[in-house]
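Survey of secondary and tertiary structure
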Amino acid sequence: MIIIKMGGSIITNKSRYKSFRSDSCYNIIKSVKSLDTEFILIHGGGSFGHIKANKFGLPGSLKKESLLGFSEVHADMVDLNQRVISILNDLEIPSISLPPAVIYMNGEMSLSAFGYYSRLGFVPVTFGDTYVAGDKIGIISGDELAVRLSAELSPEKVIFFSDVDGVYDKNPKIHKDARLLRTLSDDATFEITETDVTGGMRAKVASAMKIARSGSKVYMINGNFPDRVKELESSEFIGTVIG
Ligand code: ATP
Ligand code: IP8
């Protein structure tokens, strides 16, 4: 089994509220389907999650005013999720949506449905989302979900798609001379400039390292070239490999 995380940077335009890139999403899922392997799909929030979460000060404390923030951000994420599900349906891939806000309560996340539906032949789909724990409204990222699901299901591979080729020594969108790091070890040094409510590329690298330590191989791929997923073991592969 493999776990796929489609980042919000590739399936949405992160700077325009609720701007969905359906072609990118379609192409990624089509390339993954062609691998003919059991998979779990996670997607990030992009402009369906981060813009409004920021506006409402989420993550933050649980108070009356922030309940509306929870509700609006969650609704926008469900909207994005439905668009992803409808692409899976178009590609004739049976799927089931498992929203974290529903399965993550009182600090406990129930992951049994992922294995259950997977064994039945569905692709379980989950996404970065709002949750409540104690006196806090939290935002769980798709990357953190990948960590938890990897610990539970020990996938062979975990693949992160974003809008850049992988992890660079500095942000490639700002620095023309940025160098792609083909592999990443614990002592790698790189500079990360952009961030979002769940920590951006820095948190992603930390999640990827955790997954690699738990025994799965991790790949970071540019979702604009999703067929790279077919070349993971080739010397021609373009991306970052961790583990
Ligand atoms: P989301 O959290 O919405 O799901 P995502 O998972 O696709 O998004 P981001 O958190 O947006 O990914 O991270 C990707 C972005 O990180 C790239 O668009 C890039 O501009 C930025 N970035 C910053 N520093 C680096 C770096 N050193 N190497 C690679 N990308 C970097
Ligand atoms: O985009 C966060 O998930 P991510 C989703 O994977 C929200 O970091 C609701 C901001």
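Data block above holds the structure.
Residues numbered from 1 in each chain as written. Chains lettered and ligands numbered in written order. Predicted model: local features only at pLDDT ≥ 70, side-chain atom pairs only at ≥ 80, totals over all residues. Heavy atoms only, no water.

With that out of the way, let us pick up the packing of helix H7 (residues 142-153) against helix H8 (residues 200-213). Where H7 meets H8, the axes come as close as 9 Å, and the angle between the chain directions of the two elements is 5 degrees. One way to sum up the angle between H7 and H8 is to call them roughly parallel. Together, Asp-143, Glu-144, Ala-146, Val-147 and Ser-150 of H7 and Lys-204, Ser-207, Lys-210 and Ile-211 of H8 make up the contact between the two elements. Along the lines of polarity and charge, the residues of the contact of H7 with H8 split into three nonpolar, two polar and four charged. (Axes fitted to C-alpha atoms, helices over the stretch in contact; angles between N-to-C directions. Helix = DSSP H or I, 4+ residues; strand = E, 2+ residues; numbered from the N terminus. Parallel < 35°, antiparallel > 145°, perpendicular 65-115°, else oblique. Contact = heavy atoms within 4.5 Å. Nonpolar A, V, L, I, M, F, W, Y, C, P; charged D, E, K, R; others polar.)

Strand order in this open sheet of eight strands is E4-E7-E2-E1-E10-E12-E13-E11, and the pairing throughout is mixed. In this open sheet, the two edge strands, each paired with only one partner strand, are strand E4 (95-97) and strand E11 (183-184). Note that strand E1 (residues 2-6) and strand E2 (residues 39-43) share five bridges and pair parallel. If you follow Ile-4 over to E2, its bridge partner there is Leu-41. (Pairing = 2+ DSSP bridges.)

Attention now moves to the packing of aromatic side chains. Applying the stated criterion to the full structure yields four aromatic pairs. With a centroid separation of 5.1 Å and 80 degrees between ring planes, the pair formed by Tyr-116 and Tyr-117 is classed as edge-to-face. The class for Tyr-117 is partly exposed, based on a relative accessible area of 23%. Relative to Phe-237, the ring of Tyr-219 lies with its centre 5.9 Å away and its plane at 90 degrees, an arrangement referred to as edge-to-face. One end of the pair, Tyr-219, is in strand E12 (residues 217-222); the other, Phe-237, is in the loop between E12 and strand E13 (240-242), and 18 residues separate them in sequence. (Phe/Tyr/Trp six-rings, centres within 6.5 Å; stacked < 30°, edge-to-face > 60°. Buried < 20%, exposed > 50% of the residue type's maximum accessible area, 1.4 Å probe, protein only.)

Moving on, we come to the site of ligand 2. By nearness alone, 13 residues border ligand 2, and Lys-5, Gly-45, His-50, Gly-142 and Thr-198 come closest of all. Between Thr-198 and ligand 2, the recorded distance is 2.4 Å, taken from a side-chain N or O atom to an oxygen atom. When the free accessible area of ligand 2 is taken as 320 Å², the share hidden by the protein chains comes to 97%. Classifying every residue of the shell around ligand 2 by side-chain character gives four nonpolar, eight polar and one charged. (Near = heavy atom within 4 Å. Polar contact = N/O pair within 3.5 Å; in protein donor to acceptor, adjacent residues only side chain to side chain. Areas by Shrake-Rupley, 256 points an atom, 1.4 Å probe, with all protein chains shown as cover.)

As for its placement among the helices and strands, Ser-22 is situated in helix H2 (residues 22-33). Placed 62 residues apart in sequence, Ser-22 and Val-84 show a C-alpha to C-alpha distance of 8.1 Å.

Phe-160, Val-218 and Ile-242 are the most contacted members of the largest nonpolar core, which has 34 residues in total. Breaking this core down by element, the ones donating at least two residues are E2, H7, strand E10 (157-162), H8 and E12. Among the elements that take part in this core, H8 stands out by supplying six residues, more than any other. Beyond its immediate stretch of four places on either side in the chain, Ile-242 contacts Leu-184, Ala-208, Met-209, Ala-212, Ser-216, Lys-217, Val-218 and Met-220. Counting residues in hydrophobic clusters, the runner-up holds 32 residues, among them Val-32, Leu-80, Ile-87 and Val-123. (Core = buried A, V, L, I, M, F, W, Y, C linked by side-chain atoms within 4.5 Å.)

Topologically, Glu-92 is positioned in the loop between helix H4 (64-90) and E4. Separated by 74 residues in sequence, Glu-92 and Gly-166 have C-alpha atoms that sit 30 Å apart.

Further remarks concern the pairing of E12. Burial of E12 is extensive: five of the six residues sit out of reach of the surface. Of the strand pairs in this sheet, E10 and E12 are connected by six bridges, and their pairing is parallel. Bridge pairing in E12 links Val-158 to Val-218. The pairing of E12 with E13 spans three bridges and is antiparallel. Note on E13: the bridge partner recorded for Val-218 is Ile-242.

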